[in-house]
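Residue-level structural notes
Residues per chain, in single letters:
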Amino acid sequence: MRVLIAMVRDRFDIVIVGAGPAGCTAAYLLAKAGFSVLLVDRGRGAGSKLLWGGKAYAQPLRDIWPELDREAPIHRWVSRDRFSFVWGDRVLTLEYKLGRKVAFTVYLPELVSWMARKAESVGATFIDEVVIDEIIVRDGVVYGVRSGNDIIRANVVVDAEGINRMLLEKLGLASKPNPYSLSLGVKEVLSLDSKLIEERFNLDKGEGLAWLVAGDITKGIPGGGFIYTMRDSISIGLVLSIGHAADMAEKGLLKEHVSSLVESFRLHPYFRVYWREADIIEYGGRMAIEGGLSYMPKKLYTNGLLVVGDAAGLLVNTGYTIRGVDTAVTSARLAAETIVEAHNKGGFTEDNLRAYEEKIKRSYIYKELVEHRGIEDVFRDQFFFTKFPALATRIGAKLFESDYEEPSMLRALLDSAREEDISILRIIYKLGRVARKL
Amino acid sequence: MRIIVGIKWVPNTQAVRFDPETGTLIRRGVPSIVNPHDLPAIELALRLRDSAGGEVIAISMAPPPAVKGLELALGMGVDLAILVTDRVYAGADTLATSYVLSHTIRKIEREYGSVDLVIFGQETIDSSTAHIPAQVASWLEWPYIYYVREARILDNKVVRVVRELEEYIEEYELETPAVLGVAMRSLKPRHVSLSNKIRARFEKKLIIWSNNDLKLDTRCVGLKGSPTIVAKTIDMPEVPRRKEVYKPRDARDAARWIISRMLEDEKLRELLQRTLWGVKS
Ligand SMILES: Cc1cc2nc3c(=O)[nH]c(=O)nc-3n(C[C@H](O)[C@H](O)[C@H](O)COP(=O)(O)OP(=O)(O)OC[C@H]3O[C@@H](n4cnc5c(N)ncnc54)[C@H](O)[C@@H]3O)c2cc1C
C-alpha cells in the first residue's frame, strides 16, 4: 500500500540553513508572515552544538517574543556583574548591582530549542540531522539547496550556518578565516544546588551573576575567563585567542594544554570556594570569531540570498566574552523584514534585498561592532593581558597587604609601576586607548 | 510485499564513560543512537522493497525520545514508522519486549494487511543478547534464519537467503512469512535523505501506539512480564592506554611478550583471569 504518487515537497518559499538563534528567529518571523519555510540543521535538535551556558540580552529577544520573560527557559536574571583582575593568587574585584532585567543566564541549547518550537508552532518545518552541502545558484540567482542527491528549491535562502561558513566559502562570498580571527571557548559545567549558589554568590532567589576575569589565568594568552551562575549549576570557562596561543606554543612560551588552563582556573584558590563540592557534569570546547567587522562577508545579500548571525560576522567579542545571541536574533529580524518588503515589491532580487545591509548598518549591532573595532588590537596587546592585571593586583597588595603603614593611592601606583617596570605615561596612554574602545 | 524492520534506540556505548569512583556508567549527556547493527537490517528491507515493490514499516518499542531513531529510518526511506511506547512497557527484558513487538506485528497485519518478512539486526551494542529476533519468531511461529548477508525475493511467497558461517555459506529458500536476523556490517546502509525526511513529516508517517492500542495484559509486559534477573555485574576496570613498541622474532615470541606484559599489570592480570580463564582472584 505504498503511496505511489507521493506528495512531493521539494519547494519552499524560504529555506533556512542552520537552526541556531539566527535561523530559528528567521524561521519564526517568516512562517508567521505566511511564507512556507524549511529550517534545516545538521545537529540533533536546534542549537545542539552550542554547548554553553552564558548570558543573553533580553530586549532584542523581547522585540520578537514579548512572552520571553514568561516562557523562555531562563535560568537566572543577571543582577550582579563582576570583573576581576587576577595575578597569581592576588585578585582585585569590581562588582556592579543592576537595577533591572537586562540580561539572563541560559543554557543555549534550551533557549534555541524554545525558539525552534516557536517557529514550528507558526508553521515552519524543522528538519534536523541533515547537512546542506551546497547553496545552488543558477544564472546568478539562488535556486535552492542541495543535500546529498536531493535538491530543494527555494525563492530565498537564508544562510544562518554560523561561524563555520562552508556554504558561503563555496559560493565565494567568504574566505577561510585566519587563526588570528578565531578564538577558542572552553568551558566546564559544575553542578551545584541552587540554594548554595544563591548563598555563595550573595544572590536573591532567581538572581544571577555574570563574572569576567582577566589576568594570568590564561597564562599570557590574550583572552579571559567567565563565570555564569545557572539555575543549579555554574558555567565556567576561558576564551583564548587561537593565533596567539599557537605563536606562543611555537616559541615555547606555552607548555600547557588548554584543558589544564581551565583546570587551574577551576582550582584557583580565590574562585574554587564558590564551587566547593560541585561535580563537573559537562565540558567542551568551541570556536568563536573574534572581530566582527573583519569577519563580515563583502556582501550580506545576493539575488535570493541573505546572510545572518555569526555567518555574517555579526557578533561582538570583547576578548573575555562573546556576545552573539541578541545580535544573531536581531540580524534575522532585519532579514525577515527585508524579505517581506521585497516580496511586496515583487521579488527577491539583489536590488530589493539590498535594504537588509542598510538596515544592519543603521542598527545597534553595527554601532557595537564599530565601537569595538580595534578592541582586538587593544586586547591583543600583551600589556593588557599581562602587565595590567599584574600592576592592578600589585597596587592592591601595596594598599591592603601592608603590615604597618598605609601608602597613598598615588604612592602605591608609582611604586608598583616602578617594580613592574612600566612607565606611568605608558599606563595612561594604554588606558586611554582601552577607554576609547570600550 | 510488506516488510517490517525492528530497530532499537540505544545509548551510544562508545560515548559512555565509566565512573571509577562509583563503578557505574555515566549515561548523562550521552546521546542515543539507532543500534548500529540495525542499519544493515534497514538497508536489506529497503533493497527488497526496491526490487520487489511493497512497503517497509519500521517499529521500535522505546520511550518517546526514540522518535529520533525512527526519523532516521524514515530519512533512509522506510514508508512508515511506528513507535510503541507506554510506561507499562518500561523495564522489559527480551521476553517482554519480544512479546510486545510480536503483538505490534499482529496489529500491523490487522490494520495494513499481511506481513511477509520481519527483519532485525543481529544484536544490540548495549546488551548483545541476540534474543529478540528468535523470540519474535517463536511468538509468531514463523521460521527464523540469522547471520543473513543477502536475501532475494523469488516469487511472492518465497525468499532466498544467504547466511555466512565461519566455515561455509548456506543458502535457504523459505516460505514467507519469516523472520531474518541480518549479520553485522553485512550491508552498507544508505544515507539519510532530506527529501525523505520532509515527505515523512508532511505525510505524517510517524505514528505512536500505546498500550491503549495494543491492549496487552499488563502482567506480560514491562518489568512485570520480565523473568530475567541480573544476578551480578562485574565492572571491567579501565586500563589507561600505554604505547609500547616491541619487535618480536615471531608470533610465538610476540604472544609471549604480550601476555607477560599483561601479567605485570595488576589490573590487566585481573582482567585476564576473569575473562580468559574465568578464575576468581
Ligand atoms: C564558547 C562560547 C561562548 C559564548 N557565549 C555567549 C554568551 O554568553 N552570550 C552570547 O550572546 N553569545 C555567546 N556566544 C556566541 C553565540 O553562541 C553565537 O554568536 C550564536 O550562537 C550565533 O548564532 P547563529 O544562529 O548565527 O549561529 P549558530 O548558533 O552557530 O548556528 C548555526 C547552526 O547551523 C548549523 N549548520 C551549519 N552549517 C550547516 C549545514 N551545512 N547544514 C546544516 N546545518 C548547518 C549548525 O549545526 C548550527 O546549529 C558564545 C559562543 C561561544 C563559542
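Residues numbered from 1 in each chain as written. Chains lettered and ligands numbered in written order. Predicted model: local features only at pLDDT ≥ 70, side-chain atom pairs only at ≥ 80, totals over all residues. Heavy atoms only, no water.

When helices and strands are tallied, chain B shows 8 helices and 13 strands. Projected onto its principal axes, the C-alpha positions of chain B cover 65 × 40 × 40 Å. Sequence separation of 24 or more characterises 71% of the internal contacts of chain B that already satisfy a separation of 6 or more. Here chain B displays about 15,600 Å² of accessible surface, and carbon together with sulfur accounts for 52% of that area. (Helix = DSSP H or I, 4+ residues; strand = E, 2+ residues; numbered from the N terminus. Contact = heavy atoms within 4.5 Å. Areas by Shrake-Rupley, 256 points an atom, 1.4 Å probe, with all protein chains shown as cover.)

Along chain A, the regular secondary structure elements total 18 helices and 19 strands. The C-alpha radius of gyration computed for chain A amounts to 24 Å, which stays within 12% of the reference 22 Å derived for 438 residues, consistent with globular compactness. Taking the principal axes of its C-alpha atoms as reference, chain A extends roughly 90 × 45 × 40 Å. When burial is assessed residue by residue, chain A has 56% of its 438 residues classed as buried. The long-range fraction of contacts in chain A, counting pairs at least 24 apart against all pairs at least 6 apart in sequence, stands at 73%. Summed over its atoms, the accessible surface of chain A is roughly 19,400 Å², and 52% of this surface lies on carbon and sulfur atoms. Across chain A, 59 positive and 58 negative side-chain charges occur, with their mean positions spaced 3 Å apart. (Rg over C-alpha atoms; globule rule 2.2 N^0.38 Å. Buried < 20%, exposed > 50% of the residue type's maximum accessible area, 1.4 Å probe, protein only. Lys, Arg positive; Asp, Glu negative; His and termini not counted. Charge placed at Lys NZ, Arg CZ, Asp CG, Glu CD.)

So, about the site of the ligand. Residue and element names in this part refer to chain A. Within the structure, the ligand sits among 35 residues, and Ala-22, Asp-41, Lys-55, Ile-132 and Asp-310 are positioned closest to it. Residue Asp-310 places a side-chain N or O atom 2.7 Å away from an oxygen atom belonging to the ligand. Here an oxygen atom of the ligand sits 3.0 Å away from a polar atom, N or O, in the main chain of Val-325. Elements represented by at least two residues in the shell around the ligand include exactly helix H1 (21–32), strand S3 (53–57), helix H5 (166–171), strand S15 (279–289), strand S19 (322–323) and helix H11 (325–345). A class-by-class count of the residues in the shell around the ligand yields 21 nonpolar, 7 polar and 7 charged. (Near = heavy atom within 4 Å. Polar contact = N/O pair within 3.5 Å; in protein donor to acceptor, adjacent residues only side chain to side chain. Nonpolar A, V, L, I, M, F, W, Y, C, P; charged D, E, K, R; others polar.)

Here B:Lys107 shows up in helix H3 (residues 94–112). Each residue touching B:Lys107, except ones within four places of it in the same chain, is listed here: B:Trp209, B:Asp213 and B:Leu214.

Residue and element names in this part refer to chain A. Where strand S8 (residues 134–138) and strand S9 (residues 141–147) come together, 5 bridges link them in antiparallel fashion. Bridging across to S9, Glu-134 finds its partner in Arg-146. Following S8, the chain reverses through 2 residues before pairing antiparallel with S9; Asp-139 in that reversal takes a positive phi of roughly 50 degrees. (Pairing = 2+ DSSP bridges.)

All right, on to the nonpolar core then. Core analysis: the largest hydrophobic core is formed by 86 residues, its most contacted members being A:Ile14, A:Ile16, A:Val37, A:Phe104, A:Leu111, A:Ile339 and A:Tyr356. Those residues within four positions of A:Tyr356 in sequence are excluded, and the remaining contacts are A:Leu300, A:Leu306, A:Val307, A:Val308, A:Leu314, A:Ser331, A:Leu334, A:Ala335 and A:Thr338. B:Ile3, B:Ala41, B:Ala62 and B:Val78 belong to the second-largest nonpolar core, a separate cluster that totals 37 residues. (Core = buried A, V, L, I, M, F, W, Y, C linked by side-chain atoms within 4.5 Å.)

The subject of this paragraph is the packing of helix H7 (residues 251–264) of chain B against helix H8 (residues 266–275) of chain B. Residue and element names in this part refer to chain B. One way to put it is that H7 packs onto H8 with a least axis distance of 5 Å and a crossing angle of 115 degrees. One finds that H7 runs roughly perpendicular with respect to H8. Seen from H7, the contacting residues are Met-262, Leu-263 and Glu-264; seen from H8, they are Glu-266, Leu-268, Arg-269 and Leu-272. Considering only residue class, the contact of H7 with H8 consists of 4 nonpolar, no polar and 3 charged. (Axes fitted to C-alpha atoms, helices over the stretch in contact; angles between N-to-C directions. Parallel < 35°, antiparallel > 145°, perpendicular 65-115°, else oblique.)

If you check the domain split of chain B, you get domain 1 (2–220) and domain 2 (237–281). For domain 1 of chain B and domain 2 of chain B, the distance between their C-alpha centroids amounts to 38 Å. (Domains from an automatic or database assignment.)

In this section: the sheet that holds strand S8 (residues 117–121) of chain B. Backbone-to-backbone hydrogen bonds pair the strands of a sheet. The strands run either parallel or antiparallel. Residues and elements named next belong to chain B. The 9 strands are arranged S11-S10-S9-S12-S8-S1-S6-S7-S13 in an open sheet whose pairing can be described as mixed. Of all strands in the sheet, those with a lone pairing partner are strand S11 (169–175) and strand S13 (206–209), marking the two edges. Across the sheet, the mean angle separating the axes of adjacent strands is 30 degrees when strand polarity is ignored. Of the pairings in the sheet, the one linking strand S9 (residues 144–155) to strand S10 (residues 158–164) comprises 6 bridges and is antiparallel in character. Within S10, the residue paired with Asp-155 across the bridge is Val-158.

With that settled, consider the environment of B:Leu268. Residues and elements named next belong to chain B. Tracing the backbone shows Leu-268 in helix H8. Distance in space between the C-alpha atoms of Leu-268 and Ser-51 is 51 Å, their sequence separation being 217 residues. Residues contacting Leu-268, with those up to four places away along its chain left out, are Val-239, Arg-242 and Met-262.

It is common to give the size of an interface as the accessible area lost on bringing the parts into contact. At the junction of the two partners, chain B supplies 25 residues and chain A supplies 23 residues. On the chain B side of the contact with chain A, B:Leu194, B:Ile198 and B:Phe202 bury the most area, a combined 30% of that side's loss. Linking chain B to chain A there are 3 salt bridges. Breaking the side of chain B that touches chain A down by element, the ones donating at least two residues are strand S5 (32–34), helix H2 (67–76) and helix H5 (194–202) of chain B. Sorting elements by how many residues they give to the side of chain B that touches chain A places H5(B) first, with 7 residues. Residues that form the side of chain B that touches chain A fall into these classes: 8 nonpolar, 4 polar and 13 charged. (Buried area = accessible area lost by both parts, 1.4 Å probe. Salt bridge = Lys/Arg side-chain N within 4 Å of Asp/Glu carboxyl O.)

Before going further, it helps to spend a moment on unusual backbone geometry. Residues and elements named next belong to chain B. In this model, Thr-176 is joined to Pro-177 through a cis peptide bond whose omega is 0 degrees. Looking at the secondary structure, you find Pro-177 in the loop between S11 and strand S12 (178–182). Even without being glycine, Arg-185 reaches a positive phi, approximately 55 degrees. Topologically, Arg-185 is positioned in the loop between S12 and H5.

As a further point, take H1(A). Residues and elements named next belong to chain A. For H1, which comprises 12 residues, the first-to-last C-alpha distance of 16 Å matches the rise-based estimate of 16 Å (1.5 Å per residue) to within 8%. Here H1 lies mainly inside the structure; 10 of its 12 residues are buried. Residues of H1 that are buried make contact with strand S1 (11–17), strand S2 (37–40), helix H4 (108–121), strand S10 (150–159) and H11. Within two residues after H1, Gly-34 carries a phi angle of roughly 105 degrees, on the positive side. (Expected span 1.5 Å × (residues − 1).)

Across its 12 residues, helix H17 (residues 409–420) of chain A extends 16 Å between first and last C-alpha, which sits within 8% of the 16 Å expected from 1.5 Å per residue. Looking at the residues trailing H17(A), positive phi occurs at A:Asp421, about 60 degrees.

Let us look at the packing of aromatic side chains. One pass over the structure, following the stated rule, counts 18 aromatic pairs over all chains. Seen from their ring centres, B:Tyr246 and B:Trp257 are 4.6 Å apart, and the 0 degrees between their planes marks the pair as stacked. You can see B:Tyr246 sitting in the loop between helix H6 (211–214) and H7 and its partner B:Trp257 sitting in helix H7, a full 11 residues away along the chain. Overall, B:Tyr246 belongs to the partly exposed group, its relative accessible area being 33%. Through a chain of ring-to-ring contacts, three or more aromatic side chains come together here, namely A:Phe201, A:Trp211, A:Phe265, A:Tyr270, A:Phe271, A:Tyr274 and A:Trp275. Cation over ring: A:Lys299 sits above A:Tyr301, and NZ or CZ is 5.3 Å from the ring centre. (Phe/Tyr/Trp six-rings, centres within 6.5 Å; stacked < 30°, edge-to-face > 60°. Lys NZ or Arg CZ within 6 Å of the ring centre and 35° of its normal.)

Inspection of the secondary structure assignment puts B:Ser98 in helix H3. Residue B:Ser98 is classed as buried on the basis of its relative accessible area of 0%.

On to the pairing of strand S6 (residues 103–107) of chain A. All names here are of chain A. In terms of burial, S6 is a largely internal element, 5 of the 5 residues being buried. Burial along S6 is two-sided: the face carrying Ala-103, Thr-105 and Tyr-107 and the face carrying Phe-104 and Val-106 are both buried. Relative to S6, S3 runs antiparallel, the two sharing 5 bridges. Across the sheet, the residue bridging to Gly-53 is Tyr-107, located in S6.

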